[in-house]
Amino acid sequence: MSSAMVDLSGSGAVGTGLGQGSGSNNNAKKTKKSRTRRGKRGRRRRNKRNTRSNKTPPPYFPPEVALKLVNPTQYRFEHLATQLKWRLQEGRGEAVYQIGVEDNGLLVGLTEADMRASLRTLKRMAEKVGADITLLRERELDYDSDRSTRKIAEVLVRKVPDDQQFLDLRVAVLGNVDSGKSTLLGVLTQGELDNGRGRARLNLFRHLHEIQTGRTSSISFEILGFNSKGEVVNYSDSRTAEEICESSSKMITFIDLAGHHKYLKTTVFGLTSYCPNFAMLMVSANTGIAGTTREHLGLAMALKVPIFIVVSKVDLCSGSTVERTVRQLERVLKQPGCNKVPMVVSNPDDAVTAAQQFTQSTCVTPIFTLSSVSGENLDLLKVFLNILPPLSNSKEQEELMQQLTEFQVDEIFSVPDVGTVVGGTLYSGTCREGDRLVVGPTDQGRFLRLKVGSIQRNRSACRVLRAGQAATLALGNFDRSLLRKGMVLVSPKMNPTICCQFEAAIILLFHAKTFRRGSQVTVHVDNVRQTATVECLQGKEELRTGEHAVVRFRFIKHPEYLRLGAKLLFREGVTKGIGHITRLLAVGSEPVPAGFLYWWLKCSNLQV
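Residues numbered from 1 in each chain as written. Predicted model: local features only at pLDDT ≥ 70, side-chain atom pairs only at ≥ 80, totals over all residues. Heavy atoms only, no water.

**Examining the pattern of salt bridges**
- What the rule picks out here adds up to 19 salt bridges.
- Among the ionic pairs, K128 bridges to E78, the shortest N-O distance being 3.7 Å. Note that K128 is positioned in helix α3 (residues 112–128) and E78 in helix α2 (residues 74–90), a separation of 50 residues in sequence.
- A residue is classified by how much of its surface remains accessible, and K128, at 46% relative accessible area, is partly exposed. (Salt bridge = Lys/Arg side-chain N within 4 Å of Asp/Glu carboxyl O. Helix = DSSP H or I, 4+ residues; strand = E, 2+ residues; numbered from the N terminus. Buried < 20%, exposed > 50% of the residue type's maximum accessible area, 1.4 Å probe, protein only.)

Here's what the structure looks like:
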């Protein structure tokens, strides 16, 4: 009976290799004596291996738990269905099954009849747990002429969404101005190719001057859905946002950021505040790496956001020009500062491999070459996005949901007949309609009570908001003038720690002269963006490019809510640096004790 294999454990194949170095004579004698002890039995094994056929051994693949899919018994079928359900929970609604693979990673393959039977069994298993299957790729193995041709297959199993809890991934779109960022998003989300004059990007712009100049200056969000069968769900066929959310099992939320250098602060805010899972760097094939391309690449790497690259406008260039741009990108990615492994995607098989390796290794950087006008290789990017798995598993997600509620405020609106609305990302916990939270800090360090009204996620109503999801919350008649970007909505049970001073371990990426006490920089920490003054540098008088130090900063306007260990990015003109927060300090330069701030606010008769 043939068997097929499925990854339920996530473990990899372990290969053993023995290497010998030049040691002492005593070690050599010991090695020789140990070999002698093996005796004739060991020599017979080696001779037997040597007399075998010299044919190339079959390739190995990362192993997955053995699964017998051909005519399983009812008991075995129920066991396999339970395994699939567990696998879908671990993968947050997705799982990739590899059929025809031994549990030790050996590609044995299945005959045509056994492969068809295995796929039918897998489809029955998926239907039992409310999921659908999609055949990603199928390959033939012909490593032994004495055996018939055998096949292996990779199948994507995706659960049909329930209770609006589809898998949502956020992708920040970076790149120099005029590299085709907004145009590509318009083509992906609208389902129509561009006319070569920017028609596809018109629906993405939020301001009149953006339409007139063709340049993005604000942050906009666009959604692209995939249903349980892996088919694209977008605004084509006159779909609305609500219909896209209802029909999708997986949602890609694109964060369209500005490419021009004068809007750099907006781009940095989008990267730090909206917590993107991935970054898509756009490079124009006819101009190559120009303008802010290197800067955007450096920002994403500094914030440790996984990056994949799209080379656009290949319809305007010859093949040699596109090849030159790709070679230029490969040289930059291989530099010591990047240490990336570029992977050019040229066919659907490459796209599947790139999606699987992209999240397993931080070094792999897929490169796509496509055109938004002719549609060349556009399907390869869709295949990649369809298979792209989340970075966090269900256990990490569950741990975040068990924490107290913390919602970061990134946008503030006034909507007629609704009232004040805030948009942002839920960092931890859960949020429901009717929850009572506190928002702050205000300029005076206060936290104000409020009640959450309705919740909308991806422009459709949502009953429960979970950690890691972005949404908008209606706050009713709450005074908008009391709100600002950078605030947080937290549970009243939390003692929120706010500070005017903090210490951070930083590295100065670039400075024209020296970085010293009294310097003022714009600090970005999560959704916080404020000018801060350097109070002191521990152990040093000044810093130069590339040097490390622990620096104390003081906000010049109002206190902020910060978290220990949060990533920090600061800039001022050409000055740039990164780091993480190591200590939070009160006004008197003393650490803030747990619960002290909450007690002080109450004793001061401030509103909490």
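**Let's talk about the sheet that holds strand β4 (residues 131–141)**
- Spatially, the 3 strands line up as an open sheet ordered β3-β5-β4, and their pairing is antiparallel. The open sheet has two edge strands, β3 (94–99) and β4, and neither has a second partner. Averaged over all adjacent pairs, the angle separating strand axes in this sheet is 15 degrees, with direction ignored.
- As paired elements, β3 and strand β5 (residues 150–159) share 6 bridges and run antiparallel to each other. Paired with A95 across the bridge in β5 is V157. (Pairing = 2+ DSSP bridges. Axes fitted to C-alpha atoms, helices over the stretch in contact; angles between N-to-C directions.)

**Quick notes on the side chain of D168**
- Its place among the elements puts D168 in strand β6 (residues 167–175).
- Since its relative accessible area comes to 10%, D168 is described here as buried.
- Reaching out from D168, the side chain makes a polar contact with the side chain of T253 at a distance of 3.1 Å.
- Apart from residues no more than four positions distant in its own chain, D168 is found in contact with M251, T253, N277, R457 and N458. (Polar contact = N/O pair within 3.5 Å; in protein donor to acceptor, adjacent residues only side chain to side chain. Contact = heavy atoms within 4.5 Å.)

**A look at the pairing of strand β18 (residues 448–451)**
- Covered by surrounding structure in β18 are L448 and L450 only, the residues R449 and K451 on the alternate face being uncovered.
- In terms of strand pairing, strand β17 (residues 436–440) meets β18 through 4 bridges, oriented antiparallel. The residue bridging V439 from the neighbouring strand is L448, located in β18.

**As for the pairing of strand β30 (residues 548–555)**
- One ladder, built from 7 bridges, connects strand β25 (residues 501–510) with β30; its direction is antiparallel. Bridging across to β30, I507 finds its partner in H548.
- Relative to β30, strand β28 (residues 528–537) runs antiparallel, the two being bridged by 5 bridges. When the sheet's bridge partners are listed, T533 is paired in β30 with R554.

**Quick word on the nonpolar core**
- F254, M280, F308, L381 and F384 are the most contacted members of the largest nonpolar core, which totals 39 residues.
- Top element by residues in this core is helix α11 (residues 378–387). It accounts for 6 residues.
- Split by domain, the residues of this core number at least three in each of domain 1 (64–159) and domain 2 (167–391).
- Leaving out residues up to four positions away in the same chain, F308 has contacts with V171, F278, A279, M280, L281, F358, T365, P366, F368, L381, F384 and L385.
- Counting residues in each nonpolar core, the second largest holds 34 residues, with I255, I289, I309 and I367 among its members. (Core = buried A, V, L, I, M, F, W, Y, C linked by side-chain atoms within 4.5 Å. Domains from an automatic or database assignment.)

**A few points about a nonpolar patch on the surface**
- A cluster of nonpolar side chains, L202, L208 and I211, forms an exposed patch at the surface whose accessible area comes to about 290 Å².
- Assignment of secondary structure puts I211 in helix α5 (residues 208–213).
- Residue classification places I211 among the partly exposed positions, given a relative accessible area of 45%. (Patch = residues over 30% accessible without salt bridge, like charges linked within 9 Å, V, L, I, M, F, W, Y side chains within 5 Å. Areas by Shrake-Rupley, 256 points an atom, 1.4 Å probe, with all protein chains shown as cover.)

**Considering the packing of α2 against α3**
- Running from amino to carboxyl end, α2 crosses α3 at an angle of 60 degrees, the nearest separation of the two axes being 9 Å. For α2 against α3, the interelement crossing comes out right-handed. Every residue of α3 that contacts α2 at F77, E78, L80, A81 and L84 is listed here: T121, R124, M125, A126 and K128.
- Grouping the constituent residues of the contact of α2 with α3 by class yields 6 nonpolar, 1 polar and 3 charged. (Left-handed = near helix turned anticlockwise from the far one by under 90°. Nonpolar A, V, L, I, M, F, W, Y, C, P; charged D, E, K, R; others polar.)

**Some details on the environment of I255**
- Looking at the element boundaries, I255 is found in strand β9 (residues 250–256).
- For I255, a relative accessible area of 0% gives the class buried.
- Here the alpha-carbon distance between I255 and P276, two residues 21 residues apart in the chain, equals 8.0 Å.
- Those residues in contact with I255, other than ones at most four positions away along the chain, are R170, V171, A172, V173, I219, S220, F221, Y274 and P276.

**Things to note about helix α10 (residues 348–360)**
- Here α10 contains 13 residues, and its C-alpha end-to-end distance of 19 Å stays within 8% of the 18 Å for a straight helix at 1.5 Å per residue.
- Residues of α10 that are buried: D350, A351, V352, T353, A354, A355, Q356 and F358.
- Two or three places before D349, at the opening of α10, N347 has a side-chain oxygen 3.1 Å from that residue's backbone nitrogen. (Expected span 1.5 Å × (residues − 1).)

**Regarding the confidence of the model for the protein chain**
- For the protein chain, the average pLDDT comes to 81, and 83% of its residues sit at 70 or higher.
- Considering only residues more than four positions removed or in separate chains, one finds that residues 1–38, a stretch of pLDDT under 50, has 52 contacts.
- Contacts from residues 42–68, a stretch scored under 50 in pLDDT, to residues over four places away or in other chains number 64 contacts. (pLDDT = per-residue confidence, 0-100.)

**Here we look at the environment of E376**
- As for its position among the elements, E376 is in the loop between β13 (364–369) and α11.
- Given a relative accessible area of 41%, E376 falls into the partly exposed group.
- Each C-alpha atom, one on E376 and one on V314, is 8.2 Å from the other, the two residues being 62 residues apart in sequence.
- Once residues lying within four places of it in the same chain are set aside, the contact partners of E376 are V314, T369, L370 and S371.

**Here we look at unusual backbone geometry**
- Going from G440 to P441, the amide bond is cis rather than trans, its omega being -5 degrees.
- You can see P441 is positioned in the loop between β17 and β18.
- Even without being glycine, D526 reaches a positive phi, approximately 55 degrees.
- Along the polypeptide, D526 turns up in the loop between β27 (520–525) and β28.

**Some remarks on the sheet that holds β28**
- Overall, antiparallel pairing links the 6 strands, which are arranged β25-β30-β28-β27-β32-β33 in a closed barrel. Averaged over neighbouring strand pairs, the angle between their axes works out to 45 degrees when direction is ignored.
- Of the pairings in the sheet, the one linking β27 to strand β32 (residues 567–572) comprises 3 bridges and is antiparallel in character. Within β32, the position partnered with V523 by the bridge is F570.
- Sheet strands touched by helix α7 (residues 264–273): β27, β28, β32 and β33 (575–585). Its angle to β27, the strand with the most contacts, is close to 35 degrees.

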